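Spelled out, the chains give:
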Amino acid sequence: MNFWIIVVAMTVVICLIAFYPLLTKQTKRQSLKRDNLNKAFYFDRLKEVEREANEGVIDDPEKTKLELQQSLLDDIPEQAEEVQTKQSHIGKIWFAVLLISVGIIGTSAYVSVGSWQAGTMIDMTHKKLEYFYERIKDEDTNPLSEQELNQFAMALRVELQNKPNDAKGWFMLGQIGMAKDDGQLALESYEKASKLDPKNLQYKGSYAQILMFSQDQADKAKGKEVLKEILRQDHTNLDALSLLAFSSFEEEDYKMAAMTWGMMLKLIPEGEPRRATVEKSINMAMSMLKEQESKQPAKAEEKK
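For clarity, every value in this text was computed on a predicted model and none was experimentally measured.

Draft legend 1. Quick look at the overall build of the protein. For the protein, the count of helices and strands is 12 helices and 0 strands. Across the 304 residues that make up the protein, the buried fraction comes to 28%. At a minimum sequence separation of 6, the contacts of the protein that also span at least 24 residues come to 47%. Summing over all exposed atoms, the protein offers an accessible surface of approximately 21100 Å²; the carbon and sulfur share of this is 57%.

Draft legend 2. Highlighting the packing of helix α7 (residues 183-196) against helix α8 (residues 201-212). One can describe the packing of α7 onto α8 by two numbers: an axis separation of 8 Å at closest approach and a directional angle of 145 degrees. Judged by the twist between their axes, the crossing of α7 over α8 is left-handed. Taken together, the residues of α8 that come into contact with α7 (itself represented by G183, A186, L187, Y190, E191, A193 and S194) are Y203, K204, S206, Y207, I210 and L211. Among the residues making up the contact of α7 with α8, the classes are represented as 8 nonpolar, 3 polar and 2 charged.

Draft legend 3. Molecular detail of the environment of E130. Relative to the assigned elements, E130 resides in helix α4 (residues 129-135). Residue classification places E130 among the exposed residues on the basis of a relative accessible area of 57%. Between the C-alpha atom of E130 and that of F152, which follows or precedes it by 22 residues, the distance is 9.7 Å.

Draft legend 4. The arrangement of empty space enclosed by the protein in detail. In the structure shown here, the tally under the stated rule is 1 cavity of 30 Å³ or more. The volume enclosed by the largest cavity comes to roughly 40 Å³. Around the largest cavity sit M212, F213, K220, L243, F246, S247 and E250, which together line it. Residue contributions to the lining of the largest cavity peak at 4 residues, all from helix α10 (residues 238-250). When grouped by side-chain class, the residues that make up the lining of the largest cavity number 4 nonpolar, 1 polar and 2 charged. Residue assignment places the lining of the largest cavity across two domains, with domain 1 (120-234) and domain 2 (237-293) each supplying three or more.

Draft legend 5. Region of interest: α8. If you check α8, its first and last C-alpha atoms are 16 Å apart, about what 12 residues at 1.5 Å a residue would give, namely 16 Å. Where the residues of α8 are buried, they touch α6 (167-179), α7, α9 (217-233) and α10. Its side-chain oxygen at 3.0 Å from the backbone nitrogen of Q202, N200 defines the N-terminal cap of α8.

Draft legend 6. A look at the packing of aromatic side chains. Throughout the structure, instances matching the rule amount to 8 aromatic pairs. Ring geometry for Y133 versus F152: centroids 5.6 Å apart, planes at 85 degrees, classification edge-to-face. Highlighted residues: Y133 in helix α4 and F152 in helix α5 (residues 146-162), separated in sequence by 19 residues. Accessibility expressed as a relative area gives 1% for F152, which makes it buried. Seen from their ring centres, F213 and F246 are 6.1 Å apart, and the 40 degrees between their planes marks the pair as tilted.

About the cut-offs
- Every chain begins its residue count from 1, and numbering advances along the sequence as written.
- Only residues with pLDDT of at least 70 are given local features in this predicted model, and only at 80 or more are side-chain atom pairs given and counted; all residues enter the totals for whole chains, interfaces and linings.
- Values reported for side chains reflect all heavy atoms of the structure, with hydrogen atoms and water molecules removed beforehand.
- Numbering goes from the N terminus for both helices and strands, where a helix is a DSSP run of H or I of at least four residues and a strand is a run of E of at least two.
- Note on exposure labels: buried denotes an accessible area under 20% of the residue type's maximum, exposed denotes more than 50%, and partly exposed covers the range between, all computed with a 1.4 Å probe on protein chains only.
- Any pair of residues with heavy atoms lying within 4.5 Å of one another is described as a contacting pair.
- Computed with a 1.4 Å probe, the accessible areas rest on the Shrake-Rupley method; for each residue, only the protein chains presented here act as cover.
- Only the stretch in contact is used when a helix axis is fitted, and all axes are lines through C-alpha atoms; the angle between N-to-C directions ranges over 0 to 180 degrees.
- By definition, turning the near helix anticlockwise from the far helix through less than a right angle yields a left-handed crossing, and turning it clockwise yields a right-handed one.
- Residue type decides the class: Asp, Glu, Lys and Arg count as charged, Ala, Val, Leu, Ile, Met, Phe, Trp, Tyr, Cys and Pro as nonpolar, and the leftover types, Gly among them, as polar.
- Here a cavity means grid points, on a 1 Å grid over the protein atoms only, where a 1.4 Å probe fits yet cannot get out; a pocket means an open set of points with protein on both sides within 12 Å along at least five of seven lines; lining residues are those with an atom within 4 Å of a point.
- Grid points are joined across faces, edges and corners, and a volume is the space filled by probe spheres set on the points.
- Either an automatic procedure or a domain database provided the assignment from which the domain bounds are taken.
- Helix span is expected to be 1.5 Å times the residue number reduced by one.
- Here a polar contact is recorded for every N or O atom pair within 3.5 Å, except that within protein the pair must consist of a potential hydrogen donor and a potential acceptor, and residues adjacent in sequence are included only if both atoms are side-chain atoms.
- Ring pairs are drawn from Phe, Tyr and Trp, using the six-membered ring of Trp, whenever the two centres fall within 6.5 Å, and their geometry is named by plane angle: stacked under 30 degrees, edge-to-face over 60, tilted for the rest.

Written out as structure tokens, the structure reads:
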């Protein structure tokens, strides 16, 4: 209700600024024009009186001049008042018409493209938040469509505006960002979740993972620090060890990569499929290390 009162008030103010001065100016201009015409008529008539007096047509020219002056004085106020009244009436009519027209045009434009439609859509999407939480339970067999992911993200954003300290909600928004291939959304959401709940290793692990796969070296360095924090809390965290090993391998620190994968191998029970993958990674790192070490003497000889 207050919104529409403000809209009406602004419309009236705009119309006053835009139209009223123009109408007032027109009234003064028309009144001035008629005054000039009356004066011109008076002087023309005065010349005729003088000419008729010289010709002997008028016996008492002074009396005729006084009558002419009195007629002019009587006529000017009546004409001015009549013109002013007429123009004022017309101006009010035009002002009312323009005011109504501006109101109709503005209201029509707002109804067709106004933000209230977006607000209504957001509210309706927010009400479906519980539906989306139930919907993701079947994500493996019936994944969410792109449209559903967008709606889920929108509903969750609205929820997090009301509950900004909900770490679980921020983590879920990060997962949606990953599903949408929106790395920036995932990064910001995971970071928020890990800061709100620093003891939750799952939140920290997801945050570290997206940092480690970034192309920015500063992000990678920050990701390593987060992984070290995780290992200080849980030195048996396989996901953190795997990311550190992969990072060392990528940086051609094959010795550290092999040692880290070796630590993982000790923690993985016999018979798990993951052991075979880690063993292959260790063998690859050792092979690359031998090749690297074999090249070092050759480089030393070249320098000599």
